[in-house]
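# Observations on the three-dimensional arrangement
Spelled out from the first residue to the last, the chains are:
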Amino acid sequence: MFGNALSARPRPFDAVLARAGEIILGKPDEIRQAIACLLAGGHLLIEDLPGMGKTTLAHTLARLLGLQFSRIQFTSDLLPADISGVSIFDREKSEFRFLPGPVFAQLVLADEINRATPKTQSALLEAMEEGQVTVEGQSRELPEPFFVIATQNPAHQIGTFPLPESQLDRFLMRIELGYPDRAAERALLSGGSQRLQAARLDAPFPAADLPSLQREVAAIHAAPPLIDYVQALVEATRQSPAFQHGLSPRAGLALLAAARAWAWLAGRDMVLPDDVQAVLPAVARHRLRSVQGSGFASREDIASLLRSVAIP
Amino acid sequence: MSTAAPNALDHRAVPWLFVAALATVAPHFEHQPTWLSVITGLLFAWAAWFWWRDERLPGRWLLIFIVALGSTGIYIEYRTLFGRDAGVSMLVLFMAMKLLEIKSRRDGVVVVTLGYFLLLTHYFYSQSIPTGLWLLATMWIVTATLIRLHGGSASQSRYTLRYGLQLCLQAIPFMLVLYLLFPRVTGPLWGLPQDAHAGRTGLSESMTPGSIASLAQSSEIAFRVRFEGDIPGKEKLYWRGPVLDQFDGSTWRPSLGRQAVRLEAISAPINYETTLEAHNQRWLLSLDAPTGLPPDSTLGGTMTALNRQPVTYRQRFNLASSLDYRFNVQEEAAVLQRNKHVPAGSNPQSRQLAVNWLSRSPDPEAVIEQALALFGREFFYTLQPPLLGENSVDDFLFRTRRGFCEHYAAAFVVLMRHAGIPARVVTGYQGGERNPVDGYLVVRQSDAHAWAEVWLEGRGWVRVDPTAAVSPSRIESGIADALPVGEPLPALIQIRTNWLRGLRHRWEAINNAWNQQVIGYDLQRQRELLASLGLPHADWQQLAGLLALGIGALLAVLTAWGLYHKTRPDPALRLWHKALRHLARRKVNCAPWETPLDLARRVEQEQPDFGKAFRQVVTAYLAARYGPDNDLQKLRDAIAQLP
C-alpha cells in the first residue's frame, strides 16, 4: 500500500489480513482497522444492521490469531453474574468454587451490547477498563490478551439502553461494516457458508505472541511533528463549531496508539500523518457529537476537520 | 440567532456586549441627571430580557420613538444637545439603545466602537488615578469583547480575556511613546467645552458673613506648595487672595480702580512652586508679599497676584515672596478715603464704641490694641454662628459674639473705619499641612481665611488678624484644633488617628505625584525631556520624526522578540518546501492538509515521468522528518535528482 522504502519491517500480518479478506469479502479497510485496534490494545465497537458479518468478523479474528473465543448475547434480562461468573458450593470439598463466566476468554464478542441494562453493560465495561473482574469481593485477572468486540444495532432502538458517552470512550475504535459491493456480494452468494470457512481456519500466530507484538507496536516512533499534528487535530475538534465538545486527552492518546498500530501493519517503524488520517474516523467519530442533528459526527465532519488542519 | 452565516452574531457573545457597555457607561451615572441613569438602566435590563428570552427585538418605530423622547429630555435638561454634559448624555443614551438592536456581528462592533469612544469621555470629568485604572480595565473588557465577537462559539472566556489582556499590554509601550512625544498643546489635553468648568469650589470675589464658613466644610485641596528650603512658620503662611475694600453694610467687594503698588522687600525672598487646582478665578494665592511672579501674571493694586487667564485647570506656578515687607508707605488719598468709608447710619453701636476708644487715645495702634483686646475677652470661635440682623457688625459685636474668621475680620475693619483708620478685608488661605511623605505643603479649602489690613502712617499697610486674638490655635495649629468639640467638620480634616492620617498623607502624595508627573506633563516638561535627549529646540517636524522613530524602534523590538521566540523551521521541512517549489513550477500545488504520500500518488498520476523522482523525495522527506533518525543527506540527494 505504501512506498517500499519506508517499510523497513517485515509485515507478519499481511497473511492474516489476506486470509481474513477471503472470509469477509470486500472489507479490507475494516479488517485492517479491527486488527489495528487489537494490536493497539484497545476494544472494538462494531455498529451495523444485522447480517452484515459482525459476528463472522469476530470469529475470523479469533481463529486467525489463535485466540480463545467466547460470545455473550446481550439481552435485557442478562445479569452481571451471567458475564463474570458465580461461586457455587462444592458439596464434596465443602467450599465455594468459582465458575468463571464467558468474560474469561481472550476474545469476547458482546453481541448487541445495547440490549442489556446499564448495570450489566457496566460489568463488562469495567472488565474492559481494568483487565480484571471483581466477584464477591475477590479480584480475578482476565487472560492476556483481552480483547472485546461489542456490536450494536443502530436501528430499532426501542427497548435498548444506548451506551452513554463515557462508556463509548472506552472503545478505542468504532467501525461500520456496511453493505458489500456488487462483486463481493456475488462472491459471497456463490461461495459456501462464511461461518464454516472461518471455523476451518488455522491460526498462523500463537496467541501467546500477541502481547509482545503489542509492545512492539507501542514502541513505534512518533516524531515531534507527528505529535504536533495529533495535537492540532485534537485542538481543532475543541474549537470547531461543528462539534458540541472536543476530544478528550484520552481520545488523543487513543488516536496516537491506533496510528502506531496502523503504521506497524504497514511495516513502518514510524508513524506518518497518513496513519493518523486513516484511523481518525474510527477513533474520533463515536467520541464527537455533531452540533447539527443529535448523532455522532459524520464522515463529512471528519473530512472537513482534516481539511481544516495543516500538516506540520 | 445562531445561524452559520459569516456575519451572524453568536448568541453567547451578547452578554459580553452588555458587560462592556455597562462598564463604559456606569461611571457617567455619577454626574448625569438621575432620570437618564434610570432610563439607561431600564433599557439595559430590557435588552437583557430580550436576550434571555431570545425574543424578537423591538421594532424600528418604537426605537425611534424612544430616541426622540430621550433626546428631548436631554434638550430640556441642558437646553442644548452639544457640549460636554449633553453630548456625553446623548452617547450614553445611544449606547443603551444600540443594545436593543443587536442583530448581527456588525451591531456588536458598533457597540465596541462606541464603547472605546465613551472611554475617552470619562477624562472630561476626572483624570485621577482610580479613573485611569478603571478605564484601563474597561479597555481590556471592551477589547476582549471585540475578540469574542469574532471568535467561534466554542471560544472560552478565559482565553478571550487572556488574549485581550495580551493585546492591551502590548499597546502600553506605544501608549507611553505617544504620551511622551506627541506634540503638546498648551493648556489641558484638549479644549474642553464651555460648561466643563462649572461648579468648582474656592474663594469668591465677594464676602458675606458665612461664605468662608461654608468653604471651610470642604476638605478639597486648594493648592499644593513646594518650597525651596524649609517651610516658614505657620503664623507667616498667609496666602493672599482677593482684597475686599467696598462695604455696603452686608457684603464686601473688591474695588475696581487701578492703584499703584510700591513694595519694599525687607527679608530675602523665598522661592516656591504652587500647583493650583482649578478655581475659575485669576488670583494665584501668593504668600505676602509677592516679589517674583511667573510670566503672564501681574500684581494687582492690592498686592494680589493675578494670572492673565482664569485658572480653569490644574496649573503650576513659580513664585517668590518676601515675608517681611513694607507695602505702600505712601498711599494715594483716594485710596485711603475709600478704605475709611462706612455706609452712613449703619452699625451705630460700633461707631459709638470706636468713638469712645478714640476719645481715650487718638493713637491708631492703641485703638487696634483695644479692638483685639475686646475680641480676646468675650468672643467665641465657631463654624455655626447665629444669624445676624441688618446691622450685622453691631449684632455680632454686642449680641451674638460668636463667629468665624470673616465675622472678626469684617467687624474689626468696620471698627477701624469708624475710628478713622483706613482698613480693609483680605481673603485667602492661612496655614496648610505638610505632607511628610513627599514634603509638599497641602492647603485645603478648609484653610480658607479672612483677615484685616490697616494702613498706618509711616508703616503702610499692616496685616492684623483678629481671629488670632480670639482663637490663637486657629493660626498656630489649624482649624481642627480651633473649633470646639462637636462642631461639624469634614471627617478628613478632623482625623486625629495617626495611622489614618499617615494613610491619607500617602494617598495624597501619590495623587500629587500623579498630578505633577503624569497630568502635569506639559509643553515645558516635554521640552525639558527633549533637551535631555539632545534636541533643545525641537519643532513639530522633529517631534513627528522622533515619534515615528520611537514607534518604529518599538515595532522592531517586538518583531525581533517574536522572531527570536519563533521555533526555527525544521531543516527537513525547509528542504521539503524547496521540493514543493519544484512542484509548483510544474503547476502542482500541495494543499496544507494533503499528506506527502497522497501528494506523491497524485503526482504519479498526473505526471508519471516526474512522479518517480518525486516519490524518492517524499520517501526521503518522510524518513527525515518523521523517522527516528534525521538523515537529511538522502533528502538533499533526492531533491538534487529532481528533473
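The secondary structure content of chain A amounts to 13 helices and nine strands. In terms of overall dimensions, chain A is globule-like: its C-alpha atoms have a radius of gyration of 20 Å, near the 20 Å expected for 312 residues. Projecting the C-alpha coordinates of chain A onto the three principal axes gives extents of approximately 70 × 40 × 40 Å. Burial status across chain A gives 52% buried among its 312 residues. Taking the intrachain contacts of chain A between residues at least 6 apart in sequence as the baseline, contacts between residues at least 24 apart amount to 78%. When the accessible surface of chain A is totalled, it reaches about 14,000 Å², and 53% of it is carbon and sulfur.

Turning to the packing of helix H21 (residues 571–585) of chain B against helix H24 (residues 632–640) of chain B, a few remarks are in order. Residues and elements named next belong to chain B. Between H21 and H24, whose axes approach to 10 Å, the crossing angle comes to 10°. Judged by the inter-axis angle, H21 sits roughly parallel to H24. Contacts between H21 and H24 involve Pro571, Ala572, Leu575, Lys578, Ala579 and His582 from the first element and Leu632, Leu635, Arg636 and Ile639 from the second. Taken together, the residues that form the contact of H21 with H24 break down as seven nonpolar, one polar and two charged.

Below, the discussion takes up the interface of chain B and chain A. Counting residues at the interface gives 17 residues for chain B, matched by 24 residues for chain A. Here chain B and chain A share an interface that buries about 1,800 Å² over both sides, 65% of which is from carbon and sulfur atoms. In terms of surface lost to chain A, no three residues of chain B exceed Trp593(B), Leu597(B) and Tyr626(B), which account for 39% of the buried area on that side. Counting across the interface, chain B meets chain A through zero salt bridges. On inspection of chain B and its partner chain A, the count reaches six residue pairs in polar contact (both at pLDDT 80 or more). Taken together, the elements giving at least two residues each to the side of chain B that touches chain A come down to helix H22 (596–606) and helix H23 (608–626) of chain B.

Below, the discussion takes up the domain arrangement of chain B. Split into domains, chain B comes out as domain 1 (11–150), domain 2 (211–494), domain 3 (523–562) and domain 4 (571–640). Of note, the centres of domain 1 of chain B and domain 2 of chain B, computed from C-alpha atoms alone, are 49 Å apart.

Attention shifts here to the sheet that holds strand E16 (residues 433–434) of chain B. Residues and elements named next belong to chain B. Strand order across the open sheet formed by six strands is E8-E11-E6-E1-E17-E16, with antiparallel pairing between neighbours. Either end of the sheet is taken by a strand with one partner, and the two such strands are strand E8 (290–292) and E16. In terms of strand pairing, E16 meets strand E17 (residues 441–444) through two bridges, oriented antiparallel. From the neighbouring strand, Glu433 faces E17, where its bridge partner is Val442. The strands touched by helix H18 (residues 498–519) are strand E1 (221–227), strand E6 (270–276), strand E11 (315–321), E16 and E17; relative to E1, the strand with the most contacts, the crossing angle is about 80°.

We now examine the packing of aromatic side chains. Applying the stated criterion across every chain, the model contains 23 aromatic pairs over all chains. With a centroid separation of 5.4 Å and 75° between ring planes, the pair formed by Phe13(A) and Trp264(A) is classed as edge-to-face. In this pair, Phe13(A) is assigned in the segment before helix H1 (14–23) and Trp264(A) in helix H11 (residues 249–265), connecting sequence segments 251 residues apart. Relative accessible area serves as the criterion here: at 3%, Trp264(A) is assigned to the buried category. Feature note: the residues Phe223(B), Phe227(B), Trp239(B), Tyr272(B) and Tyr429(B) constitute an aromatic cluster, connected by ring pairs. The residue whose ring lies beneath Arg32(A) is Trp262(A), and the NZ or CZ to ring-centre distance is 5.7 Å. The lysine or arginine in question, Arg140(A), covers the ring of Phe98(A), its NZ or CZ lying 3.8 Å from the ring centre.

What follows deals with the sheet that holds strand E9 (residues 173–175) of chain A. Residue and element names in this part refer to chain A. The five strands are arranged E2-E5-E8-E1-E9 in an open sheet whose pairing can be described as parallel. In this open sheet, the two strands that pair with only one neighbour each are strand E2 (69–73) and E9. Geometrically, the sheet is characterised by an average inter-axis angle of 20° between neighbouring strands, direction not taken into account. Of the pairings in the sheet, the one linking strand E1 (residues 44–47) to E9 comprises three bridges and is parallel in character. Each residue of the ladder has a partner; that of Ile46, found in E9, is Ile175. Docked against the sheet, helix H3 (residues 54–64) engages E1, E2, strand E5 (107–111), strand E8 (147–152) and E9, running at close to 175° with respect to E5.

The next point concerns the pairing of strand E19 (residues 460–464) of chain B. The side chains of a regular strand alternate, residue by residue, between the two faces of the sheet. All names here are of chain B. Most of E19 is tucked away, with four of its five residues classed as buried. Note: strand E18 (residues 448–456) against E19, five bridges, orientation antiparallel. Residue pairing across strands places Glu453 opposite Arg463, the latter belonging to E19. Two successive antiparallel strands, E18 and E19, enclose a turn made up of three residues, where Gly458 displays a positive phi of approximately 80°.

Bringing the packing of helix H7 (residues 157–181) of chain B against helix H20 (residues 540–565) of chain B into the picture now. All names here are of chain B. Where H7 contacts H20, the axes come no closer than 10 Å and their chain directions differ by 165°. By the angle between their axes, H7 is roughly antiparallel relative to H20. You can see that H7 and H20 cross each other, and the crossing is right-handed. In contact with Pro173, Phe174, Val177, Leu178 and Leu181 of H7, H20 contributes Leu543, Leu546, Leu547, Gly550, Ile551, Leu554, Leu555 and Leu558. Partitioned by chemical class, the residues of the contact of H7 with H20 number twelve nonpolar, one polar and no charged.

Rules used in this analysis
Residues numbered from 1 in each chain as written. Chains lettered and ligands numbered in written order. Predicted model: local features only at pLDDT ≥ 70, side-chain atom pairs only at ≥ 80, totals over all residues. Heavy atoms only, no water. Helix = DSSP H or I, 4+ residues; strand = E, 2+ residues; numbered from the N terminus. Rg over C-alpha atoms; globule rule 2.2 N^0.38 Å. Buried < 20%, exposed > 50% of the residue type's maximum accessible area, 1.4 Å probe, protein only. Contact = heavy atoms within 4.5 Å. Areas by Shrake-Rupley, 256 points an atom, 1.4 Å probe, with all protein chains shown as cover. Axes fitted to C-alpha atoms, helices over the stretch in contact; angles between N-to-C directions. Parallel < 35°, antiparallel > 145°, perpendicular 65-115°, else oblique. Nonpolar A, V, L, I, M, F, W, Y, C, P; charged D, E, K, R; others polar. Buried area = accessible area lost by both parts, 1.4 Å probe. Salt bridge = Lys/Arg side-chain N within 4 Å of Asp/Glu carboxyl O. Polar contact = N/O pair within 3.5 Å; in protein donor to acceptor, adjacent residues only side chain to side chain. Domains from an automatic or database assignment. Pairing = 2+ DSSP bridges. Phe/Tyr/Trp six-rings, centres within 6.5 Å; stacked < 30°, edge-to-face > 60°. Lys NZ or Arg CZ within 6 Å of the ring centre and 35° of its normal. Left-handed = near helix turned anticlockwise from the far one by under 90°.

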